[in-house]
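So the chains spell out like this:
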Amino acid sequence: MQHVLVTGGTGGIGSGIAEVLLSRGWQVTVTGATEAEVREAEARWDGRVRVRHMDVTDTASVSEGFRGLERLDGLVTCAGILLKDREWDIDGFEAVIGVNLVGTMRCALAAHPFLAASGGAVVTLGSMYSFFGGPHAPAYSASKGGVVQLTKALAGRWATDGVRVNVIAPGWIETPMTAAIREGADRSREAGIMARTPMDRWGAPREVGQAVAWLLSDEASFVTGTVMPIDGGYSAM
């Protein structure tokens, strides 16, 4: 049975990805940044997936999260934060870069020996902000742009090891991170998003998961270094 580790898989898009991979026969391990997240996920998953604590900003924590794995065929890096206006403060800026970009690299490096042994693949998590600037979230925008370039660099470096590395760029997905827009008092922002989304709806985490499942599969065996928007056409407008 193939084994995948999904960082940040205790909630949001990561949880949706984990559900899809589980339904397709993968053995799934998800990680959470806090013990509270781990406990909640353990109760929700009820033994169907393995749940581990992992702070992607800490090398020792990441190493511990990978310790004891007998095999790894896929890594999906979903751990991420968004601090919005706090990112205009240098401490907030560095915190977001540390999780979203440096954390992605830290986990990829930890996973590489396993994936080189199995001929596995990595899928990183970009965003629409990989392409468009976000004046309300400069660090998030910079980190997601960086994830795209990091993914291309890893793809080129690790191709000779038989490890493929691709990045997905979700658009506006129904997650806790977007709840304030979907449920908030300012409906004009949601209307603007939908006006630019040809499919005129929010995406579901499972729809992101379906794309990830394909990129991890042998059906994508000649695909590496690519960026796949999953956005209902948002980036085409």
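First, a word on what this report is: a plain description of the structure on this page. (Residues numbered from 1 in each chain as written. Predicted model: local features only at pLDDT ≥ 70, side-chain atom pairs only at ≥ 80, totals over all residues. Heavy atoms only, no water.)

**What about the nonpolar core?**
Core analysis: the largest hydrophobic core is formed by 30 residues, its most contacted members being Ile17, Leu21, Val28, Ile168 and Leu216. Elements with a minimum of two residues in this core: strand S1 (3–7), helix H1 (12–23), strand S2 (27–32), helix H2 (35–45), strand S5 (121–125) and helix H8 (205–216). Ignoring anything within four residues of it in the chain, the contact list for Ile168 reads Ile17, Val123, Thr124, Leu125, Gly126, Ser127, Val208, Val212, Leu215, Met228 and Ile230. Core analysis: the second largest hydrophobic core is formed by 21 residues, Leu75, Val99, Ala155 and Val165 among them. (Core = buried A, V, L, I, M, F, W, Y, C linked by side-chain atoms within 4.5 Å. Buried < 20%, exposed > 50% of the residue type's maximum accessible area, 1.4 Å probe, protein only. Helix = DSSP H or I, 4+ residues; strand = E, 2+ residues; numbered from the N terminus. Contact = heavy atoms within 4.5 Å.)

**Comments concerning helix H5 (residues 138–158)**
Its 21 residues give H5 an end-to-end C-alpha distance of 30 Å, which sits within 8% of 30 Å, the value for a rise of 1.5 Å per residue. By the criterion of burial, H5 is predominantly enclosed, with 15 of the 21 residues buried. (Expected span 1.5 Å × (residues − 1).)

**Section: helix H4 (residues 90–118)**
Between its first and last C-alpha, H4 extends 40 Å over 29 residues, near the 42 Å set by a 1.5 Å rise per residue. Taking the largest bend as the criterion, H4 deviates by roughly 45 degrees, centred on His112, and proline Pro113 comes between one and four positions later. (Bend = angle between axes of the 7 residues up to and from the residue.)

**Description of unusual backbone geometry**
The phi dihedral of Lys84 falls on the positive side, at around 55 degrees, and the residue is not glycine. Position of Lys84 among the secondary structure elements: in the loop between strand S4 (74–77) and H4. Here Asp200, not a glycine, exhibits a phi torsion of approximately 55 degrees, which is positive. For Asp200, a relative accessible area of 54% puts it in the exposed group.

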